[in-house]
Amino acid sequence: MYPAVTLPVTNEYGYFEIRLESIGGLGANLCGKMLGELGALYLSLNSLSFSSYGSEKRGSPVKSYIRWSPASHPLRINSPVLQPHVLGIFHEGLIGTYPVLDGISADTKIVLNTPLSCDEAAEKYNIFTGTLYCLDALSIAMESRSRINMVMLGAYIEVAHAVTVDTVMNNLKAMFGERKAHLLPINREAIERGMACVRDHRA
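Conventions and cut-offs
- Residues numbered from 1 in each chain as written.
- Predicted model: local features only at pLDDT ≥ 70, side-chain atom pairs only at ≥ 80, totals over all residues.
- Heavy atoms only, no water.
- Helix = DSSP H or I, 4+ residues; strand = E, 2+ residues; numbered from the N terminus.
- Buried < 20%, exposed > 50% of the residue type's maximum accessible area, 1.4 Å probe, protein only.
- Salt bridge = Lys/Arg side-chain N within 4 Å of Asp/Glu carboxyl O.
- Expected span 1.5 Å × (residues − 1).
- Contact = heavy atoms within 4.5 Å.
- pLDDT = per-residue confidence, 0-100.

K.L.:
Honestly, the overall build of the protein chain in this entry has me stumped. Any pointers?
P.N.:
On a plain count of helices and strands, the protein chain comes out with six helices and seven strands. Its helices and strands taken in sequence order, the protein chain reads β-α-β-β-β-β-α-β-α-α-α-α-β from the N to the C terminus. Its C-alpha atoms put the protein chain at 45 × 40 × 35 Å along the principal axes. Expressed as a percentage of its 203 residues, the buried residues of the protein chain come to 49%.

Okay, structure coming up:
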């Protein structure tokens, strides 16, 4: 049994909410499922995760929603996350094409996959609300021979301040088992590099 964590912030319903904006093929759906499992199985929280798709094909828009609440506080809403505490954008090309920045506020932590610096990205995409974290998840994934979703997962757990990398690795081991055990060191490197890269940010 894992000890319950204290959520860093909650909304008026007592929920901590995450929204992932992506395109098919980058692994946002799996990333959302992992965050949902982490909450329920390893953080002793009530947890809910689900995704929506433009169409089930590579390159189409994908949204993944995650809600956490204390174990004593039931989750009674299963609608899409409109005002996220953490907003993950897997592909910067979505900005301006789709309303991926809708619902952000001063309390939102925005994690953007881009080779741009935080100042450059804020200027280019008019992101002047919330706290912006930028990392080149594609380059990190290629260098570590992992996937973008593992890098982005590391970034999310870093900005959420709720999960340790060892806890994430326990979840990965449980999900993939022995059949993909050889990928665990690769994925750990990607997660740790994702965590490290978002420590520089623009408030």
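K.L.:
Help me understand the pattern of salt bridges in this model?
P.N.:
Two side chains of opposite charge can pair, provided their charged atoms sit close to one another. This structure, assessed with the given rule, holds seven salt bridges. Across the pair R193 and E189 runs a salt bridge whose closest N-O atoms are separated by 3.8 Å. Taken as a pair, R193 and E189 lie in helix 6 (residues 184-197) at a separation of four residues, close to a single helical turn. Classification of R193 as partly exposed rests on a relative accessible area of 28%.

K.L.:
Just checking my understanding: could you explain unusual backbone geometry for this structure?
P.N.:
Outside of glycine, negative phi angles account for most residues, and trans bonds account for most peptide bonds. One non-glycine residue with positive phi stands out, namely S44, at about 55°. Mapped onto the elements, S44 comes out in the loop between helix 1 (28-42) and strand 2 (45-53).

K.L.:
I'm lost on helix 1 in this one. Help?
P.N.:
Note: α-helices contain 3.6 residues per turn, so residues at a spacing of three or four share the same orientation. Its 15 residues place the ends of helix 1 20 Å apart at the C-alpha level, agreeing with the 21 Å of an ideal helix rising 1.5 Å per residue. Taken residue by residue, helix 1 has A28, C31, G32, M34, L35, G36, L38, G39 and Y42 as its buried positions. Taken together, the buried residues of helix 1 touch strand 1 (16-23), strand 2, strand 3 (61-70), helix 4 (148-160) and helix 5 (165-176). Positioned one or two residues after helix 1, S44 has a phi angle of 55°, which is positive.

K.L.:
Even after reading the chapter, I still don't get the confidence of the model for the protein chain, so can you show me in this structure?
P.N.:
Detailed reading of predicted coordinates is not advised where the pLDDT is low. Per-residue confidence for the protein chain gives a mean pLDDT of 90, with 93% of residues at or over 70. Here strand 7 (residues 201-202) stands out as the least confident element of the protein chain, with mean pLDDT 68; strand 4 (residues 86-89) is the most confident, with 97.

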